[in-house]
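Chain residues, written in single-letter form:
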Amino acid sequence: MPRVLAVADEVVEGLWTERVRRLGVDLVLAAGDLPFEYLEYLATTVDRPCVFVPGNHDPDLSGYREARGLWTRAGMPARWPGPAGAVNADGRVVDVAGLRIAGLGGSLRYGGGPNQWTERQQARRVRRLVGLAAWRRMRDGRDVDVLLTHSPPRGCGDGEDAPHRGFECLHEAVRRLRPRVLVHGHVHPHGHPAPDRAARGTLVLNVVGHRVLEIAPAEEVRDAP
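Rules of the game
Residues numbered from 1 in each chain as written. Predicted model: local features only at pLDDT ≥ 70, side-chain atom pairs only at ≥ 80, totals over all residues. Heavy atoms only, no water. Helix = DSSP H or I, 4+ residues; strand = E, 2+ residues; numbered from the N terminus. Rg over C-alpha atoms; globule rule 2.2 N^0.38 Å. Buried < 20%, exposed > 50% of the residue type's maximum accessible area, 1.4 Å probe, protein only. Contact = heavy atoms within 4.5 Å. Areas by Shrake-Rupley, 256 points an atom, 1.4 Å probe, with all protein chains shown as cover. Lys, Arg positive; Asp, Glu negative; His and termini not counted. Charge placed at Lys NZ, Arg CZ, Asp CG, Glu CD. Disulfide = S-S within 2.5 Å. Phe/Tyr/Trp six-rings, centres within 6.5 Å; stacked < 30°, edge-to-face > 60°. Lys NZ or Arg CZ within 6 Å of the ring centre and 35° of its normal. Pairing = 2+ DSSP bridges. Salt bridge = Lys/Arg side-chain N within 4 Å of Asp/Glu carboxyl O.

A. Spotlight on the overall build of the chain. From N to C terminus, the chain includes 3 helices and 17 strands. Scaling as 2.2 N^0.38, a compact globule of 225 residues should have a C-alpha radius of gyration of about 17 Å, and the chain matches this with 16 Å. Along the first, second and third principal axes, the C-alpha atoms of the chain reach 45 × 40 × 35 Å. When each of the 225 residues of the chain is scored for burial, the buried share is 51%. In the chain, the proportion of contacts linking residues at least 24 apart, taken out of those at least 6 apart, comes to 61%. Accessible surface, the chain: about 10700 Å² in total, of which carbon and sulfur atoms supply 50%. Across the chain, the 31 positively charged side chains and the 28 negatively charged ones have centroids separated by 7 Å.

See the structure below:
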């Protein structure tokens, strides 16, 4: 059963130390809006993979390609601005640490800047992600275990202000992908507990700050001791 350190939005000072090794995790999942050097530190210190999606305050990571250690953008050599060694799951389906993870970063568009999408734009991204997951399922029969997003689905712990409203189309993503858990950030609980929610049978978890989870196919998702 993989132990997962899920983080988003707020740096936890206690994790930015050697003590993070004591958590004994198999994977770092990052739901956006964290310093990339923080993610690099976590992954390096626990010596485990990191899978992330960008948040609305993160830089534009679109268009970068890596082959044989060389990064390019628009066919030209480029410096990768994301966290070194981490896997960007935005718009992708990846298999890491025994889990199949589908990712959709960004927030609802409320101003300029990268990683902000209209509802229609994100709905197109949902359809493409569903297609990728279906192709993978046809090849090996496996479903998505984790849907990793920055914003929550509309009505599942989101806010009423424009920057923090969730995406309605994420309900369609949940319906089609049938993940066991949706992990998101973006909505800061400001010191109050963020209750777990459900959408079409999928557990929806706000991981702003951090949570340590145990996630395994066909078993209950739970907070790790």
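Alright, that's what it looks like, and here's the rest.
B. Seen up close, the state of the cysteines. With the rule as written, the count across this model stands at 0 disulfides. The cysteine Cys156 is free of any disulfide, with Cys169 supplying the nearest cysteine sulfur at 13 Å.

C. Fine view of the packing of aromatic side chains. In the structure shown here, the tally under the stated rule is 4 aromatic pairs. With a centroid separation of 4.4 Å and 10° between ring planes, the pair formed by Trp71 and Trp80 is classed as stacked. Classification of Trp80 by relative accessible area gives buried; the value is 12%. Cation over ring: Arg125 sits above Trp117, and NZ or CZ is 4.2 Å from the ring centre.

D. Looking closely at the sheet that holds strand E6 (residues 76-77). Across the sheet, 3 strands lie side by side as E4-E5-E6; this open sheet has antiparallel pairing. Edge strands, defined here as strands with exactly one partner in the open sheet, are strand E4 (64-67) and E6. Bridge count for strand E5 (residues 70-73) against E6 is 2 bridges, and the pairing is antiparallel. Pairing of Arg73 across the sheet is with Met76, part of E6.

E. Layout of the pairing of strand E8 (residues 93-96). Pairing between E8 and strand E9 (residues 99-104): 4 bridges, direction antiparallel. What sits directly across from Val93, in E9, is Ala102. If you look at the hairpin formed by E8 and E9, you'll find 2 residues sitting between the two strands, and Ala97 has a positive phi there, around 55°.

F. Structural context of the side chain of Arg125. Here Arg125 lies in helix H2 (residues 119-140). By relative accessible area, which is 17% here, Arg125 ends up buried. If sequence neighbours within four positions are ignored, Arg125 has contacts with Asp90, Leu104, Gly105 and Trp117.

G. Layout of the pairing of strand E16 (residues 209-214). With 5 of 6 residues buried, E16 lies mostly within the body of the structure. Sheet topology places strand E1 (residues 3-8) next to E16; 6 bridges connect them, and they run antiparallel. Within E16, the residue paired with Val4 across the bridge is Leu213. Pairing of E16 with strand E17 (residues 222-223) involves 2 bridges; the strand directions are antiparallel. Each bridged residue has a counterpart across the sheet, and for Glu214 the counterpart in E17 is Arg222.

H. A look at the pattern of salt bridges. A full pass over the atoms with the stated rule returns 15 salt bridges. One salt bridge connects Glu214 with Arg3, and the closest N-O pair in it is separated by 3.6 Å. In this pair, Glu214 sits in strand E16 while Arg3 sits in strand E1, placing the two residues 211 residues apart along the sequence. In this structure Glu214 comes out as buried when scored by relative accessible area, which is 11%. Arg3 sits in the buried class, given a relative accessible area of 17%. Ionic pairing is found between Arg100 and Asp95, a salt bridge with its closest N-O pair at 2.7 Å. Asp95 sits in the partly exposed class, given a relative accessible area of 39%. Shared partners join several salt bridges into a network, and the residues in it are Asp95, Arg100, Arg136 and Asp140.

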